[in-house]
Amino acid sequence: LRRDAMVIGRASHSDITVPDRSLSRQHARIFRDDDGWWVEDLGSRNGTLLNGQPLVDGPARIAPGDTLGLGSTVITVTTEETAAGQDTAPSGNTGSSLFRPARQVLEDSSSAHNVVLSADAETLRRLTLRLAVLNEVQQALSLPIELDELLSLILDRVFDHLDPEEGAIFLRHGDGTFHCAVQRPAEEAIAERLCSHNLIEQVVEGGQAALVLDVEEDERFARAESLMTAGIRSLVAAPLLDAETTHGMIVLSSRLHTRQFTEEDLELLVSLASVAAMRIRNVRLTEEAMLSKQLRRDLALARRIQMAILPDRLPTVDGYRIHAGNVPSRGVSGDFYKVVERGDGRELVLLLADVSGKGIGAALLTGSLEALSAGAIAGGAPPEEVCATTSRLLFERTPPEKYSTMFLVVLEPEDGGLTYCNAGHTPGLLLRPGDGHQWLGSTAPPVGLLPEARFTAASAVLEPGDVLVLYTDGITEAENPNGVEYGADRLLERCRHAPGLDPSELAAAIENDLRAFTAGTPFADDRTILIVRREGGRVKSEE
């Protein structure tokens, strides 16, 4: 470099002209300032690499020993003294490594197929063989062939035409790890030495096709002891690249005295890898569709099971009207309710629960909670004992993070007296005629949260004309587009503005107000409500 700034490119007016069709006309610039020498990419089509890493954040500092990758050209930075002492004679079969964007290799390969009429006999023979291989693999794609069979077919045809010593196809999992899907020879454990970290970085992450003519001459593999120990010298690799992502890579290796790969080998491998990537994508899309379909079936089944847990009819109680409803946020719900008579109708038990979590896991826990509480309820235990027994059994049978809030009420229809245990649940709302109301707050911790806990009860009276509203936090914590919650105060106001409504009509009014408030914002949690209204006379209840 005799000047402070020099442009490298394919154009004849560049300071350094390189007859490489993968270079842009003005590809990169090397320049010097007070801090040393720098290189910057000039918006080239194929990019510029510094020691294998793309230049993406402007100019980068260079020093002796660095390598610049411009298209298929590799430039080594050295001092004038070092260069004068080096043997500049041809280096035989070692040459330099070639890393090119796989998409560019495919485009160049297609261009080459368009000029076969002017090619010599040997070139025509090689292109014919390449097309025959691609045609065979493409035909296999039209058959109901499994992915493993297709990958084996591709690797077999690669061995037939490129004659490597070892080869493998690696697929990437969703978590970023890799596994060897197929290898040759099959009986040898070659995956560890061919799945090089540097190859993954360049080929999979960088989307580049790699042709390493001599591993020992390439600094990127200086620490690849497994390759050196095995005597591997020549490598060729291509990404399994489709329009959206890279699924893995195919790698071939050989020793120099057996086989040194060429750029034509690289082009064939890239073409086959592209075919494999399309099939992998189609298979994975099919698997995702089948999984989604199965998940929908599982959700429908879980919902049917859960609906069997919820009562299909509510008791008919003289002088009372009852309504209950549940709307899941994810197909199945983590809420459930129960309304049962006991003691020959002398008591009415109201239970509303909200288990931790959402979805299928929460729905399974509601089934357990219903079963664990059923015995104590049927046995006539008071609310605090039902909650204590259920809590102990749930804690013994589930992981620590699984628990439930619960509101359990025992109502005596004769006089309206009610005893309740609020185990960490949202406050119940007792509405009086006019503007009177009472919040029935928590009296105990959630069930299943602690190995031992003290559960206490409280009491109130449901007078004629009073309404008891029990609900889950999916209602009060629903948010509008601004992130503001619906809240208990708004629920109270909605109920106050609907005096005398039948419980089912009140529930509909609350739901309509809730949807107007959220304005289309998706509900993050299940919504369950249970409403009991005491009438003044003998009134038939709802189903």
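Cut-offs and rules
- Residues numbered from 1 in each chain as written.
- Predicted model: local features only at pLDDT ≥ 70, side-chain atom pairs only at ≥ 80, totals over all residues.
- Heavy atoms only, no water.
- Helix = DSSP H or I, 4+ residues; strand = E, 2+ residues; numbered from the N terminus.
- Buried < 20%, exposed > 50% of the residue type's maximum accessible area, 1.4 Å probe, protein only.
- Polar contact = N/O pair within 3.5 Å; in protein donor to acceptor, adjacent residues only side chain to side chain.
- Contact = heavy atoms within 4.5 Å.
- Phe/Tyr/Trp six-rings, centres within 6.5 Å; stacked < 30°, edge-to-face > 60°.
- Pairing = 2+ DSSP bridges.
- Axes fitted to C-alpha atoms, helices over the stretch in contact; angles between N-to-C directions.
- Parallel < 35°, antiparallel > 145°, perpendicular 65-115°, else oblique.
- Left-handed = near helix turned anticlockwise from the far one by under 90°.
- Salt bridge = Lys/Arg side-chain N within 4 Å of Asp/Glu carboxyl O.
- Disulfide = S-S within 2.5 Å.
- pLDDT = per-residue confidence, 0-100.
- Expected span 1.5 Å × (residues − 1).

The amide bond that connects arginine 184 to the next residue, proline 185, takes the cis arrangement and shows omega of -5°. Of note, aspartate 163 is a non-glycine position whose phi angle comes to about 55°, a positive value. With respect to the secondary-structure elements, aspartate 163 resides in the loop between helix H4 (147–162) and strand S11 (166–172). The partly exposed category is assigned to aspartate 163, whose relative accessible area is 47%. Despite not being glycine, aspartate 344 shows a phi value in the positive range, around 55°.

Below, the discussion takes up the side chain of threonine 528. Residue position: threonine 528 is located in strand S25 (residues 527–534). In this structure the side chain of threonine 528 is engaged in a polar contact, spanning 2.7 Å, whose partner is the side chain of asparagine 326. Beyond its immediate sequence surroundings of up to four residues, threonine 528 is in contact with Gly325, Asn326, Asp335, Tyr337, Leu352, Leu470, Tyr471, Thr472 and Ile475.

To continue, consider the packing of aromatic side chains. Scanning all chains against the criterion turns up two aromatic pairs. Ring centres of phenylalanine 407 and tyrosine 420 lie 5.5 Å apart, and the angle between their planes is 20°; on these two criteria the pair is classed as stacked. With phenylalanine 407 in strand S19 (residues 404–412) and tyrosine 420 in strand S20 (residues 417–423), this residue pair connects regions lying 13 residues apart in the sequence. You can call tyrosine 420 buried: its relative accessible area is 6%. Note on tyrosine 486 and phenylalanine 517: the rings are 5.5 Å apart at their centroids and 80° apart in plane angle, and the pair reads as edge-to-face.

Turning to the pairing of strand S9 (residues 73–76), a few remarks are in order. As defined by bridge partners, strand S8 (residues 67–70) adjoins S9 across four bridges and the pair is classed as antiparallel. Bridge pairing links leucine 70 to threonine 73 in S9. The antiparallel hairpin formed by S8 and S9 contains two residues in its connecting segment, where glycine 71 sits at a positive phi of about 60°.

Below, the discussion takes up the sheet that holds strand S24 (residues 467–471). Pairing within the open sheet is antiparallel, and its five strands lie in the order S16-S25-S24-S21-S22. Edge positions in the sheet fall to strand S16 (320–327) and strand S22 (437–440), since each has one partner strand and no second. Ignoring which end each strand starts from, the neighbouring axes of this sheet average 15° apart. The pairing of S24 with S25 spans five bridges and is antiparallel. By the bridge assignment for S25, valine 469 is matched with isoleucine 531. Here helix H13 (residues 503–518) sits on the sheet and contacts S16, S24 and S25; the angle it forms with S25, its principal contact strand, is near 145°.

For the pair helix H12 (residues 487–496) and H13, interaxial distance at closest approach is 10 Å and the crossing angle is 135°. For the element pair H12 / H13, the angle class is oblique. For the pair H12 and H13, the crossing hand works out as right-handed. Contacts between H12 and H13 involve Arg490, Leu491, Arg494 and Cys495 on the former and, on the latter, Leu506, Ala509, Ile510, Asp513 and Phe517.

Using the criterion set out here, one finds 18 salt bridges in the structure. Of the charged contacts in the structure, one is a salt bridge between arginine 32 and aspartate 4, with a shortest N-O distance of 2.6 Å. Taken together, the residues span a long stretch of sequence, with arginine 32 in strand S3 (residues 28–33) and aspartate 4 in the segment before strand S1 (5–9) at a distance of 28 residues. Residue classification places arginine 32 among the partly exposed positions, given a relative accessible area of 43%.

Next up on the list: the state of the cysteines. For the coordinates displayed, the defined rule picks out zero disulfides. Left unpaired, cysteine 421 is separated from the closest cysteine sulfur, that of cysteine 387, by 3.7 Å. By relative accessible area, cysteine 421 is classed as buried at 0%.

Let us look at the side chain of threonine 246. Mapped onto the elements, threonine 246 comes out in strand S15 (residues 246–254). The contact partners of threonine 246, leaving out residues within four places of it in the chain, are Arg172, Val204, Pro239, Leu240 and Leu241.

The next thing to look at is the sheet that holds strand S23 (residues 458–461). Read across the open sheet, the five strands follow the order S17-S18-S19-S20-S23; overall the sheet is antiparallel. Here the strands that pair on one side only, and so sit at the sheet edges, are strand S17 (335–342) and S23. Between one strand axis and the next, the sheet turns through 20° on average, direction left out of account. As defined by bridge partners, strand S18 (residues 347–355) adjoins S19 across eight bridges and the pair is classed as antiparallel. Counted as the bridge partner of valine 355 is serine 404 from S19. Each of S19 and S20 touches helix H10 (residues 383–397); the most contacted strand, S19, lies at about 155° to it.

Attention shifts here to the confidence of the model for the protein chain. Residues with a pLDDT of 70 or more make up 82% of the protein chain, whose mean pLDDT is 82. The least confident element of the protein chain, judged by mean pLDDT, is helix H1 (residues 80–85) at 53; the most confident is S20 at 97. This model gives residues 83–95 a pLDDT under 50, and the stretch forms nine contacts once residues within four places in sequence are excluded. When the criterion is pLDDT under 50, residues 537–543 qualifies, and its contacts beyond four places in sequence or with other chains add up to 27 contacts.

Right, let's get into the environment of phenylalanine 261. Along the chain, the position of phenylalanine 261 falls in the loop between S15 and helix H8 (263–309). Each C-alpha atom, one on phenylalanine 261 and one on valine 212, is 8.0 Å from the other, the two residues being 49 residues apart in sequence. Among residues more than four places away in sequence, those in contact with phenylalanine 261 are Leu162, Pro164, Leu211, Leu213, Ser234, Leu235, Val236, Leu252, Ser253 and Ser254.

We now examine H13. Taking 1.5 Å as the rise per residue, H13 with 16 residues should run 22 Å; its terminal C-alpha atoms sit 23 Å apart, in good agreement. Packed against the buried residues of H13 are S16, S24, helix H11 (473–476), H12 and S25. Alanine 519 occupies a position one or two residues after H13 and carries a positive phi of about 50°.

This brings us to the pairing of S25. Among the eight residues in S25, eight count as buried, and that is most of the element. Burial along S25 is two-sided: Arg527, Ile529, Ile531 and Arg533 and Thr528, Leu530, Val532 and Arg534, pointing in opposite directions, are all buried.

Within the secondary structure, aspartate 175 sits in the loop between S11 and strand S12 (178–184). When its relative accessible area of 61% is taken as the criterion, aspartate 175 is described as exposed. Only 2.7 Å separates the side chain of aspartate 175 from the side chain of threonine 177, close enough to count as a polar contact.

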